[in-house]
Amino acid sequence: MFKANTLTQLLAGVVLVASLPLAALAQGKEPVKVGLVSSKSGVFAEQGEEVIRAVRFAVEEANARGGIDGRKVELAEGDDESTPDAGRRVAEKLARDGHKLLIGAIPSSISLAIAQNLERWDAAYFVQASKSDLLTGDSCNSRSIRTNHSDAMDIAMINEWARSIKGNSFATLATDYVWGRDSAESFKKTVESQGKRVLLSLYVPMGTKDFAPYIAQLKEARVDAIWVAEIGRDQIAFLKQAQEFKLIPATPIIGHAMISNFVIHATGKVLEGVPGNLGYSPELDTPRNKDFVKSFKARFNRLPTDVEGLAYNGMQVMFEGVKLSRSVRPDEVTQALRGQMIDTLYGKVQLRAADNQLVLPNYVGRVKMIDGALRQVIEQIYPASIAPAASPLCKM
């Protein structure tokens, strides 16, 4: 009788476990604790809002599907205030509180401030928007994974694209910090190697509201086109004032990380017809991206923006690291990803072991009116094979 009762109880337990939803099973494993460091205030607040929306969506979606590797995903957030000092403080607090898988900063200055402290915090960091080559160069870190294009990858694409850009004389206008200077100097080097000239290089302090002095110099230079690498709200201020002072459309502009949805929405028709590089587009023809666009549109009744696509993709790479490592330890998650082929919104691509850079195809698009609304449309696709090799300065 005792044996029969015991067997009955055991079988009942098996049936109970089998009937539990996956979300309940996820409670049995250590959760995936994500620390979201992004801009709720400051010059990057518009982009930060999009990053936060996409990360929250990725977390909610994962938990609705039973978690990651049977683990619930828990999210904590902090405002980096669009500055490196605040970003470092917020990231440290999140990591000290146990949310050690970090993601979300936009500018390279904040990402660099976070990356250099990862060992001390026992954390990992997923770069989903910052482009500076320093992050995968002499400031690389084995605990830091970049899931977006680097400046070097963009410039390799621009080297091909520039052959079709009309004009022989150019000016550059860039934000005066590491990413902007990298962008402008790389563009200058590229076009000068093709026998063209950059007659004027201007660097503008972050947070500038009055672009009139810079616009006056650009008009006086009388160049064929202007390379613009500005940031956040500064991009919007420049474009509006450039139109007001009739710099554009008289002088064509070319945008590095400029034809972003939030800029298009804030500037009316100023960017219509303007070309630029694209970090992400809902047009990407891959199974993973089609699923993302479908589910995102069902939730928000619109297509995801470029910033949202980048953030969601970064979360998927993080989740893949948890699956591959079967762990939530930051060092194990990042180590498991190195050298792997990963299924992303861009298709199956490699996470390069030498510098923890996701090697992606690249895109040039143009802002066009589609179904009564302005948005980016892909015009050219450049294969991942044109990406430059890892920097020898990266030592991991």
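Keep in mind it's a predicted model, so treat the numbers as computed, not measured.

What to know about helix H4 (residues 84–96)
Turning to step 1, where the next piece is worked out: Between its first and last C-alpha, H4 extends 18 Å over 13 residues, near the 18 Å set by a 1.5 Å rise per residue.
Turning to step 2, where the next piece is worked out: Listed in full, the buried residues belonging to H4 are Ala86, Gly87, Val90, Ala91, Glu92, Leu94 and Ala95.
Turning to step 3, where the next piece is worked out: Of the surrounding secondary structure, the elements contacted by the buried residues of H4 are strand S1 (32–38), strand S2 (73–79), strand S3 (101–103), helix H5 (108–115) and helix H6 (118–121).
Turning to step 4, where the next piece is worked out: After H4 finishes, the residue glycine 98 shows a positive phi value of roughly 100°.

Structural notes on the pairing of strand S8 (residues 225–229)
Look at any regular strand and the pattern is simple: side chains alternate between the two faces of the sheet.
Turning to step 1, where the next piece is worked out: Counting buried positions along S8 yields five of five residues, so the element is predominantly enclosed.
Turning to step 2, where the next piece is worked out: Pairing analysis gives five bridges linking strand S6 (residues 169–175) to S8, with the strands arranged parallel. Residue pairing across strands places phenylalanine 170 opposite alanine 225, the latter belonging to S8.
Turning to step 3, where the next piece is worked out: In this sheet, strand S9 (residues 253–255) lies alongside S8 in parallel orientation, the contact comprising three bridges. Paired with valine 228 across the two strands is glycine 255, which belongs to S9.
Turning to step 4, where the next piece is worked out: What joins S8 to S9 is helix H10 (residues 232–244), and the crossover it makes is right-handed.

Regarding the packing of helix H3 (residues 45–64) against helix H13 (residues 306–325)
Turning to step 1, where the next piece is worked out: Running from N to C, H3 and H13 point in directions that differ by 40°, and their axes come no closer than 8 Å. The angle between H3 and H13 falls in the class oblique. Pair H3 / H13 crosses with right-handed handedness. The residues of H13 that touch H3, namely those facing Gln47, Glu50, Val51, Arg53, Ala54, Val55, Phe57, Ala58, Val59, Glu61 and Ala62, are Val307, Glu308, Ala311, Tyr312, Met315, Gln316 and Phe319.
Turning to step 2, where the next piece is worked out: Taken together, the residues that form the contact of H3 with H13 break down as 12 nonpolar, two polar and four charged.

Observations concerning the confidence of the model for the protein
Turning to step 1, where the next piece is worked out: Overall, the prediction assigns the protein a mean pLDDT of 91, with 93% of residues at 70 or greater.
Turning to step 2, where the next piece is worked out: Below pLDDT 50 for its whole length, residues 1–26 participates in 11 contacts with residues either more than four positions away or in separate chains.

What about the pattern of salt bridges?
Between side chains of opposite charge, pairing is possible as soon as their charged atoms come close.
Turning to step 1, where the next piece is worked out: Enumeration according to the criterion identifies 25 salt bridges in this entry.
Turning to step 2, where the next piece is worked out: Put simply, aspartate 176 and arginine 181 hold a salt bridge, and the shortest N to O gap is 2.8 Å.
Turning to step 3, where the next piece is worked out: For arginine 181, a relative accessible area of 32% corresponds to the partly exposed category.
Turning to step 4, where the next piece is worked out: In this structure, glutamate 332 and arginine 329 form a salt bridge, with 3.4 Å as the shortest nitrogen-oxygen distance.
Turning to step 5, where the next piece is worked out: The partly exposed category is assigned to glutamate 332, whose relative accessible area is 35%.
Turning to step 6, where the next piece is worked out: One network of salt bridges, with partners in common, ties together Glu49, Arg53, Arg302 and Glu308.

Rules behind the numbers
- Residues numbered from 1 in each chain as written.
- Predicted model: local features only at pLDDT ≥ 70, side-chain atom pairs only at ≥ 80, totals over all residues.
- Heavy atoms only, no water.
- Helix = DSSP H or I, 4+ residues; strand = E, 2+ residues; numbered from the N terminus.
- Expected span 1.5 Å × (residues − 1).
- Buried < 20%, exposed > 50% of the residue type's maximum accessible area, 1.4 Å probe, protein only.
- Contact = heavy atoms within 4.5 Å.
- Pairing = 2+ DSSP bridges.
- Right-handed = clockwise from strand over helix to strand, strands pointing away.
- Axes fitted to C-alpha atoms, helices over the stretch in contact; angles between N-to-C directions.
- Parallel < 35°, antiparallel > 145°, perpendicular 65-115°, else oblique.
- Left-handed = near helix turned anticlockwise from the far one by under 90°.
- Nonpolar A, V, L, I, M, F, W, Y, C, P; charged D, E, K, R; others polar.
- pLDDT = per-residue confidence, 0-100.
- Salt bridge = Lys/Arg side-chain N within 4 Å of Asp/Glu carboxyl O.

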